[in-house]
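Residue-level structural notes
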Amino acid sequence: MLEEKASRYFTDFDGRFKARLAAVTPVFMPAATHELTGISSRYECRIKVEYHKDIMGLIEEGVLVAVRNFKSNPNDRRYSLMVISRVWPEHYGLKGLSEHSYYPMQFEIIQQSVKDWDTSDKSTMMVQISALPINYDLLLKGDSEPKYEKGFTYPVIAAEAEILNRDMISHMYNQRILAKLGFNAKKTTSDAYKDPRIGTIQMFESMEEKIPIYLDFEAMVRYHFGIFAFTGAGKSNLLSNILRRLLIHQPEVKVIVFDISSEYPFLLMDLFADDKIPSKIILENPVTNVEQFYASVVKPREYEDDDRARKVFARIFGQKKITYYLKPESKVPTYGDIVEELNRQRNESLDKPHYVNALDRIRQDVVDYKAERAMTDSKPIDEDFIKQLDEWGRGAVDEFKISDRSGVYAWATSRLTLIDNLKRAEKEKRTTGGLDIEGIRELVEKETRLTCISISDPYVIKELVVDLAREFLHRRKRSFKVKPCVLFVFDEAQEFVPDLGGSSGIDKDCSKVVETLLRQGRKYGLGGCLATQRIAYLNTNALQQLHTYFVGTLPRPYDRTVVSDTFTIDKQILEKTLEFAPGEWLLSSFIATGMENVPIFIRADNAEAEVEKTLSRLA
C-alpha cells in the first residue's frame, strides 16, 4: 500500500535508483563574515546510491530528493526536501589504489576497472551524492494533495532517499501559478502565443515529456526581477521572451524598455508588427524611410543580410510606430530647475540675510504653486507660471530692498525672458515632430503597451530615465494608482544603476532615481528589471530590491559571490552555472515561483524561434 502511494510522488527509475541518507554534516559559517564569504546552507547531506550502469545518466545537479524526517508518523508522512549539488561515482578498487603501488600494478588495476562501469556490480561500485536542504518539508497525508511547509526538519539518518517524479515537480513549481494565470493546457509548447511558460525544467529530459516552468507575471513585475550572465549567455534572448509572454498573457501590464544597444526592435519584431498591440519605437534621431530605420537597429549576426527583416520593418514603419526623442534645443526649465536655481542663489548669499529672506519668499511661492496644481519637479514650466514668477521676484526684491546691481536682483527681474525659450521650444515641436518627456509619459499612460526607447547616447538616455521615473512615481503617489502595472526594463543595467561609490554627475543621479523607483515602485504598480553581465558593478541597494532572478554563466568568482551574498543562493549551486550552455539558467524567486527561494535549473525557450516564424509569415 505504501509502495503504491509512494509511486504517485517518487520515482526509482524502474528499480535502478536505490539510495539512503548516509550523513548530515553541519556547515559552520566563518566567525567574521565579509562580502566575499557568501551564503551557505546550514547542513550538507551525503547520500549513497547503489550502482547501476544507467544511473549516472539519470541523476544530475538540480534534481530534488526527499528523505523521511523526525516529524514523520504513520498518518502524516513528512519528508525533508533537498537539492542535489554534486554527483560522482566511486570504484572500490580504484579508491584503494595507492600512488606508491608498483606502477605496472596500478595500470593493470585501472585497465581492469574500465569494464566494471558497464556492469551493475553493486559490490565494487557506488554513486555518491552531495545534497543541500532547500528548507521545505513535503507533507503527504492519505489521498489529499501534497503540501509544502517552510522550514528545516532534521532528516532520519540511514532513511531511504527518494527522487521526486515528474508530476510532483510540476505540481510543486506550477500548480499555484497555473491557477492564478487561469491556464490549463493538456500539452506544453514553446509557442509564446499558445503557452505562457518561459521554458522547461532541466529534469527527466532524457526520459519523459519535458516539464514546463511558469511564473506569476504580476508578482514578478511588481516585485522586480534581474537577469545576470556573461556575454553570449543569452540575456537579451531571455529578456525578450519574458517580455513577449508578459505582453501576450498579461493584458494589463505595460512595458518601457530602455534599450541603449538598439537590439529590441528586432528581438520583439512580432509584437511591433502586430497592429493589435499598441507599441512605439522611440529613436535618437528622426528617420524618414525604412532603410534608415533598418540601419539603426542591431541585428543578430545570422540575420544581418536577411532581406526578410526589411519587409517586416517596412510593415512596422508603415504602421507609424516609429518616432524619435525631441531634445529641446531651447531648454525649457522644469519646476525642479527653478527650485535648484533658487537654492544655488541662496547658498551664494548666506552672508546677506535680506537676500536669503527674499529668495526664501520666492521659493515658498513656487512650492505653494506646485502643491496647488499637483506639479512634479520634472514637469516643464508654462507661460502662466513664468508670469507669476516674475511678479513674485519683483515683489520680493522691492520688499527686502535688494540692490539693483546684485545677481539676485538680475535673476528675479529677468524671468519673463523664459517666455521666449518656451515659444522657441513649441515652434521646434510643431515643425520637427517627435516626443518630449511629457509626450512619452502620456504615450505610456494612455496609448501604448510596449514602448522601446532605443537611444545610444548614454547622457541623453540617462536624463530620460531620471525624468520619466520621477514623473511616474510622483503621479502614482498623488493619485494612489496601482493599475496598470508599468515595467521599467534596463538592459545593460550597469549604465543605469552603477555603484554609487564610483559614480558622479548624471550616473549618480540615475542610479539613485532607479534605486528609489525599485524601493517605492511596488506600492504603486511600478516594476523594474535589471539585466547585466557585470553584477559586481551595480548599486547593491538597488540589487536587494529584486525578488526574482535568473543567473547564467558568470566566469568571474567575484560576480558569483555577489549573487550568493545578495540572493542567498549557495555557492555549490552557483558553481553549476559555469557548465551552462546559452539559454540555460538558474531561476530563483521569493514570490513568483511555486516554491519560495528554491533554485531551479531551467532551459529557456528560444526567442529567435518567434522571430523566425514572424519573418516567414510576414515576409
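Let me sum up the structure you'll find in this document. All residue numbers refer to position in the chain's written sequence, counted from 1. Only residues with pLDDT of 70 or above have their local features reported here, since the model is predicted, and side-chain atom pairs are shown and tallied only from 80 upward, although totals for entire chains, interfaces and linings are computed over all residues. The basis for every side-chain value is the complete set of non-hydrogen atoms in the structure, without hydrogens or water.

With axes taken as lines fitted to C-alpha atoms, and helix axes fitted only over the stretch in contact, angles between N-to-C directions fall between 0 and 180 degrees. Starting at the N terminus, helices and strands are each numbered in turn, a helix being any DSSP run of H or I of at least four residues and a strand any DSSP run of E of at least two. Packing of helix H16 (residues 437-447) against helix H17 (residues 458-479) leaves a shortest axis separation of 10 Å and a crossing angle of 50°. Taken together, the axes of H16 and H17 lie oblique to each other. Pair H16 / H17 crosses with right-handed handedness. Contact residues: Ile437, Glu438, Ile440, Arg441, Val444 and Glu445 in H16; Leu464, Asp467, Leu468, Glu471, Phe472, Arg475 and Arg476 in H17. Note that Gly is not counted as nonpolar here; it falls among the polar residues with everything else outside the nonpolar set of Ala, Val, Leu, Ile, Met, Phe, Trp, Tyr, Cys and Pro and the charged set of Asp, Glu, Lys and Arg. Residues that form the contact of H16 with H17 fall into these classes: six nonpolar, no polar and seven charged. Here roughly perpendicular refers to angles of 65 to 115 degrees, roughly parallel to angles under 35, roughly antiparallel to angles over 145, and oblique to all remaining angles. By the definition used in this description, the sense in which the near helix is turned from the far one sets the handedness, with an anticlockwise turn below a right angle giving left-handed and a clockwise turn giving right-handed. Pairs of residues are marked as contacts when any of their non-hydrogen atoms sit within 4.5 Å.

Attention shifts here to the packing of helix H10 (residues 307-318) against helix H22 (residues 607-618). Direction vectors running N to C along H10 and H22 enclose 80°, while the axes themselves pass 9 Å from each other. In terms of orientation, H10 and H22 fall into the roughly perpendicular class. Residue-level contacts link Arg308, Ala309, Val312 and Arg315 of H10 to Glu612, Thr614, Leu615, Ser616 and Leu618 of H22. Taken together, the residues of the contact of H10 with H22 break down into four nonpolar, two polar and three charged.

Moving on, we get to the pattern of salt bridges. Any Lys or Arg side-chain nitrogen located within 4 Å of an Asp or Glu carboxyl oxygen qualifies as a salt bridge. Overall, the coordinates contain 34 salt bridges when judged by the stated rule. A salt bridge links Asp137 to Arg78; the nearest nitrogen and oxygen atoms lie 3.2 Å apart. Of this pair, Asp137 sits in strand S6 (residues 125-140) while Arg78 sits in strand S5 (residues 77-91), and the two are 59 residues apart along the sequence. Partly exposed describes any residue whose relative accessible area lies between the buried limit of under 20% and the exposed limit of over 50%, with all areas from a 1.4 Å probe on protein chains only and scaled to the type maximum. When its relative accessible area of 8% is taken as the criterion, Arg78 is described as buried. Here Asp507 ties to Lys462 by a salt bridge, and the two come within 2.5 Å at their closest N and O atoms. Residue Asp507 is found in helix H18 (residues 505-520), and its partner Lys462 is found in helix H17; the two are separated by 45 residues along the sequence. One network of salt bridges, with partners in common, ties together Glu438, Arg441, Glu471 and Arg475.

With respect to the helices and strands, the residue Thr448 is situated in the loop between H16 and strand S15 (450-454). In contact with Thr448, other than residues within four places in its own chain, are Lys254, Pro278, Ser279, Lys280 and Leu443.

Let's shift gears to helix H4 (residues 166-181). A helix's residues, less one, multiplied by 1.5 Å, set its expected span. Counted at 1.5 Å a residue, the expected span for H4 with its 16 residues is 22 Å, and the 21 Å between its end C-alpha atoms agrees. Of all the positions in H4, only Arg166, Met168, Ile169, Ser170, His171, Met172, Tyr173, Asn174 and Ile177 are classed as buried. Polar contacts, as counted here, are pairs of nitrogen or oxygen atoms within 3.5 Å of one another; within protein the pair requires one atom able to donate a hydrogen and one able to accept it, and residues that are adjacent in sequence qualify only if both atoms are side-chain atoms. For H4, the N-terminal cap is Asn165; the gap from its side-chain oxygen to the backbone nitrogen of Asp167 is 3.3 Å. Looking one or two residues past H4, Gly182 carries a phi angle of roughly 70°, positive in sign.

Grouped burial of nonpolar side chains is what soluble globular proteins tend to show. Within the largest apolar cluster, 161 residues are counted, with the highest numbers of intra-cluster contacts made by Ile47, Tyr173, Val255, Phe258, Ile316 and Phe550. Contact partners of Tyr173, with chain neighbours within four places excluded, come to Leu64, Ile201, Ile213, Tyr214, Thr593, Gly594, Met595, Val598, Pro599 and Ile600. In plain words, nonpolar cores are sets of buried Ala, Val, Leu, Ile, Met, Phe, Trp, Tyr and Cys residues tied together by side-chain atoms within 4.5 Å. In terms of nonpolar packing, the next biggest core, distinct from the first, is built from 27 residues, Tyr355, Phe385, Phe400 and Trp411 among them.

A word on the sheet that holds strand S16 (residues 486-491). Paired through backbone hydrogen bonds, the strands of a sheet run either parallel or antiparallel to each other. What makes two strands pair is DSSP finding at least two bridges between them. Pairing is mixed across the open sheet formed by 12 strands, whose spatial order is S10-S9-S20-S19-S18-S11-S17-S16-S12-S15-S13-S14. Each edge of the sheet is formed by a strand with only one pairing partner; in this case those strands are strand S10 (211-213) and strand S14 (322-324). Mean inter-strand twist for the sheet, computed between neighbouring axes without regard to direction, equals 25°. As defined by bridge partners, strand S9 (residues 199-201) adjoins strand S20 (residues 600-604) across three bridges and the pair is classed as antiparallel. If you follow Thr200 over to S20, its bridge partner there is Arg603.

Within strand S13 (residues 279-283), five of the five residues are buried, which leaves the element mostly enclosed by the surrounding structure. Alternating residues of S13 divide into Ser279, Ile281 and Leu283 and Lys280 and Ile282, and every residue in both groups is buried. Pairing analysis gives five bridges linking S13 to S15, with the strands arranged parallel. Its bridge partner lying in S15, Leu283 is registered against Ser454. Bridge count between S13 and S14: three bridges; the pairing is parallel. If you follow Leu283 over to S14, its bridge partner there is Tyr324.

Once that is clear, we can look at the packing of aromatic side chains. Ring pairs (aromatic) are described by centroid distance and by the angle formed between their planes. Put simply, two rings from Phe, Tyr or Trp (the six-membered ring, in Trp's case) pair if the centres are within 6.5 Å, and we call them stacked under 30 degrees between planes, edge-to-face over 60, tilted for the rest. Following the criterion strictly, the structure yields 24 aromatic pairs and no others. Residues Tyr335 and Phe385 carry aromatic rings whose centres are separated by 4.8 Å and whose planes lie at 65° to one another, so their mutual orientation is edge-to-face. Of the two residues, Tyr335 sits in helix H11 (residues 335-348) while Phe385 sits in helix H13 (residues 383-399), which places them 50 residues apart along the sequence. Since its relative accessible area comes to 0%, Phe385 is described here as buried. With centroids separated by 5.9 Å and ring planes inclined at 70°, the aromatic side chains of Tyr369 and Trp392 adopt a geometry described as edge-to-face. Here Trp392 lies in helix H13 and Tyr369 lies in helix H12 (residues 353-373), a separation of 23 residues in the sequence. Judged by relative accessible area, which is 7%, Tyr369 ranks as buried. Given a relative accessible area of 16%, Trp392 falls into the buried group. Cluster of aromatic residues (ring-pair linked, three or more members): Phe258, Phe472, Phe488, Phe490 and Phe496. To sit over a ring, a charge needs its Lys NZ or Arg CZ within 6 Å of the ring centre and within 35 degrees of the ring normal. Here the guanidinium or amino end of Lys299 rests over the ring plane of Tyr294, the centre of that ring lying 4.1 Å away. Over the aromatic face of Tyr369 sits the side chain of Arg373, whose NZ or CZ is 3.8 Å from the ring centroid.

Note that every value here comes from positions in space, so none of it alone points to a role or purpose.
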